[in-house]
Amino acid sequence: SSQLAWTGHAEQGLQARLADEHQCSTLRYATESFRQLRAENPDLSGVFPFTILFYNWDTVKKFADMNPKPVTDQVKVSYQPVLLSWECWTKNVYAGSVLKSIAHVINDDEHFKGLKNVKLFYELRDKAHTVVLADTVAMPDVPYYATIQSPVKISLPENLTSGYYQLRGKLQSDGKTVSEN
């Protein structure tokens with residue numbers, strides 16, 4: 001019954017999937033927001049919210065019994081050494097309007113290197129994963145253990161139909177991909 005506070009009153013067949021989606025979303029917001037805040041407090045490095053990562057956590061007898069939940073994929077994204085993290089609080093937008101987002105780059109490179117000649121490639125995909133818009137933005141260099149925030153204004157095509165879309169980005173430094181989100 002406590003799950004209903006997270007997933008609402010959707011039909012029973014959807015509850016497990018909605019609970020997994022909510023867990024992924026909550027972990028992403030908590031972890032990536034904390035990493036983004038390093039610009040305000042350089043002593044912040046991240047947080048690991050308590051969450052159950054495996055379905056069989058209470059019955060595990062051997063490692064093979066540990067069935068990972070979808071949130072483990074979100075952990076891989078949110079804890080990348082170099083993190084491209086999107087901030088976009090506008091959930092509903094109209095075709096032909098401008099979506100205002102912020103691309104955060106957090107550089108915890110494992111080799112302690114700064115990011116040079118940084119480019120952000122982004123695309124908007126529909127529910128069939130078809131790319132409906134793509135563009136590239138030059139970003140400032142990012143020293144090691146620094147963060148940057150860069151506004152990204154995305155002009156949506158006039159002919160977009162109603163539906164769910166996903167904003168995806170890829171960050172390159174000196175022509176090498178260093179982060180995707």
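Going by the structure above, here's the rest.
Residues numbered from 1 in each chain as written. Predicted model: local features only at pLDDT ≥ 70, side-chain atom pairs only at ≥ 80, totals over all residues. Heavy atoms only, no water.

### Some points on the overall build of the protein chain
Along the protein chain, the regular secondary structure elements total 3 helices and 7 strands. For the protein chain, the spread of C-alpha atoms along the three principal axes comes to 50 × 45 × 30 Å. Buried positions account for 34% of the 181 residues belonging to the protein chain. Counted over contacts in the protein chain with a minimum sequence separation of 6, partners at least 24 positions apart contribute 63%. Total accessible area on the protein chain stands at roughly 11,500 Å², and carbon and sulfur atoms take up 55% of it. Charge separation in the protein chain, taken as the distance between the mean sites of 19 positive and 20 negative side-chain charges, equals 2 Å. (Helix = DSSP H or I, 4+ residues; strand = E, 2+ residues; numbered from the N terminus. Buried < 20%, exposed > 50% of the residue type's maximum accessible area, 1.4 Å probe, protein only. Contact = heavy atoms within 4.5 Å. Areas by Shrake-Rupley, 256 points an atom, 1.4 Å probe, with all protein chains shown as cover. Lys, Arg positive; Asp, Glu negative; His and termini not counted. Charge placed at Lys NZ, Arg CZ, Asp CG, Glu CD.)

### Overview of the packing of aromatic side chains
Following the criterion strictly, the structure yields 4 aromatic pairs and no others. Judged by centre distance (6.5 Å) and plane angle (85°), the rings of Trp-86 and Tyr-122 are edge-to-face. With Trp-86 in strand 1 (residues 82–87) and Tyr-122 in strand 3 (residues 118–125), this residue pair connects regions lying 36 residues apart in the sequence. Each of the two residues, Trp-86 as well as Tyr-122, counts as buried. Note on Tyr-144 and Tyr-145: the rings are 6.1 Å apart at their centroids and 45° apart in plane angle, and the pair reads as tilted. Look at Tyr-144 and you get partly exposed, because its relative accessible area is 33%. Among the aromatic residues, those joined into a cluster by ring pairs are Phe-112, Tyr-144 and Tyr-145. (Phe/Tyr/Trp six-rings, centres within 6.5 Å; stacked < 30°, edge-to-face > 60°.)

### Notes on the sheet that holds strand 1
As summarised here, the arrangement of the 3 strands in space is 1-2-5, forming an open sheet in which the pairing is antiparallel. In this open sheet, the two edge strands, each paired with only one partner strand, are strand 1 and strand 5 (147–155). The sheet shows a mean angle of 25° between the axes of neighbouring strands, taken without regard to direction. Examined bridge by bridge, strand 2 (residues 98–107) and strand 5 share 9 bridges and lie antiparallel to one another. The residue bridging His-104 from the neighbouring strand is Gln-149, located in strand 5. Sitting on the sheet, helix 2 (residues 12–36) is in contact with strand 1, strand 2 and strand 5, with an inclination near 110° to strand 1. (Pairing = 2+ DSSP bridges. Axes fitted to C-alpha atoms, helices over the stretch in contact; angles between N-to-C directions.)

### Let's talk about the nonpolar core
Formed by 22 residues in total, the largest nonpolar core has its most connected members in Trp-86, Val-105, Leu-120, Ile-154 and Leu-171. Elements represented by at least two residues in this core include exactly strand 1, strand 2, strand 3, strand 5 and strand 6 (166–173). Excluding its chain neighbours within four sequence positions, the residues that come into contact with Val-105 are Val-82, Leu-83, Leu-115, Met-139, Val-142, Ala-146, Thr-147, Ile-148 and Leu-171. (Core = buried A, V, L, I, M, F, W, Y, C linked by side-chain atoms within 4.5 Å.)

### Some words on the sheet that holds strand 6
A sheet is described by the order of its strands in space; here 4 strands give the open sequence 4-3-6-7, paired in antiparallel fashion. This sheet does not close on itself; its edge strands, each paired only once, are strand 4 (131–138) and strand 7 (176–180). Neighbouring strand axes in the sheet, compared pairwise and without regard to direction, differ in orientation by 25° on average. Alignment of strand 3 against strand 6, held across 8 bridges, turns out to be antiparallel. Each residue of the ladder has a partner; that of Leu-120, found in strand 6, is Leu-171.

### Considerations on the state of the cysteines
For the structure on display, the rule yields 0 disulfides. The thiol of Cys-24 is not disulfide-bonded; the next cysteine sulfur, from Cys-88, is found 19 Å away. The partly exposed category is assigned to Cys-88, whose relative accessible area is 24%. (Disulfide = S-S within 2.5 Å.)

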